[in-house]
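These are the residues of each chain, in order.
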Amino acid sequence: MKHLFLSLIVALLATTACTTNTNTQSSDSQTATPQAQSDENPVIETILSRRSIRAYKNQAVPRELLQQIAECGINAPNGMNAQQWELRIVDSKEWLDNATAAYKKSVKPDSPMAKQFADPSFKNMFRNAPAVIFIAHKAGPCTQVDCGLMAGNIVLSAKSLGLGSVCMMGPLGFFSTPEGEPFLKSLSLSEGYKLLLCVGIGYADEQPDARPRNKEVIKFIEQ
Ligand SMILES: Cc1cc2nc3c(=O)[nH]c(=O)nc-3n(C[C@H](O)[C@H](O)[C@H](O)COP(=O)(O)O)c2cc1C
């Protein structure tokens, strides 16, 4: 009996040692070299491979995906979690086409902006995207940064779901013109909220090369 008891203790200790050992191994593998991590890390891969897309397939984006992307947006860090932002999702071709038609009317034919209309690939004023998420903010010390972080979440979650996207501020001027006013109204933003940027989303029909980035701006400070 005494022998059996001792055997049990030894077996238990051996099991615990194995478990501890396995945990140590797994935590060791999590602290592999940073290079190996970035090669295999899907988040880093998504960040580094995302590009602004301005040509889209003629394919609607399912609303469940747009909803999921918007929810990723509102999960961005934001000052004091005040969440002074609003999102409006437009995936109506009619709305986007009508806004574009009104925009065309608002642009003088001899202005540089009018050149884009002659491009045979021009579909709409939102860089041809079949869906647009408008981001509005309430003026405040953090809200522009908050909305930028939100847009970052939006473009990255879109990319991770197999969608292309482009952040845009260019089209927003239209919404303060007389022609744009009805479209701004239709977004029904709350009192005090102003459009800050928008993000076009759709299935990419191009694979642009990465635009160069200047790594010189990154510096470690010693002491
Ligand atoms: C705040 C902001 C505003 C932008 N506005 C426009 C725009 O109006 N039209 C456009 O085509 N791209 C716009 N872009 C996209 C940039 O041109 C693009 O992110 C930049 O050239 C880098 O290319 P990449 O996104 O492919 O890495 C904007 C991006 C940001 C962050």
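(A) Structural context of unusual backbone geometry. Phi at Gln83 is positive, roughly 50°, even though this residue is not glycine. Relative to the elements of secondary structure, Gln83 occurs in the loop between α4 (63-74) and β1 (85-90). On the basis of relative accessible area, Gln83 is assigned to the partly exposed category, the value being 37%. In this model, Asn128 sits at a positive phi of 75°, which is unusual for a non-glycine residue. Its location among the elements puts Asn128 in the loop between α5 (93-106) and β2 (131-138).

(B) Here's a closer look at α5. In a regular helix each residue adds 1.5 Å, so 14 residues correspond to 20 Å; α5 covers 20 Å between its end C-alpha atoms and thus fits that length. What α5 keeps buried is the set Trp95, Leu96, Ala99, Thr100, Ala102 and Tyr103. Down the axis of α5, the sector holding all buried residues measures 165°, keeping them to one side. Exposed and oriented more than 90 degrees from the buried face of α5 are Lys93, Glu94 and Lys105. The inward-facing, buried residues of α5 abut β1, β2 and α7 (181-186).

(C) Inspection of the packing of α4 against helix α6 (residues 143-160) at higher detail. Closest axis-to-axis distance for the α4/α6 pair is 7 Å, and the angle between their directions is 145°. Read as a crossing pair, α4 and α6 show a hand that is right-handed. Touching Ile69, Cys72, Gly73 and Ile74 of α4 are Met150, Asn153, Ile154, Ser157 and Ala158, all from α6. Taken together, the residues that form the contact of α4 with α6 break down as six nonpolar, three polar and no charged.

The rules behind each value
Residues numbered from 1 in each chain as written. Predicted model: local features only at pLDDT ≥ 70, side-chain atom pairs only at ≥ 80, totals over all residues. Heavy atoms only, no water. Helix = DSSP H or I, 4+ residues; strand = E, 2+ residues; numbered from the N terminus. Buried < 20%, exposed > 50% of the residue type's maximum accessible area, 1.4 Å probe, protein only. Expected span 1.5 Å × (residues − 1). Arc of directions from axis to C-beta. Contact = heavy atoms within 4.5 Å. Axes fitted to C-alpha atoms, helices over the stretch in contact; angles between N-to-C directions. Left-handed = near helix turned anticlockwise from the far one by under 90°. Nonpolar A, V, L, I, M, F, W, Y, C, P; charged D, E, K, R; others polar.

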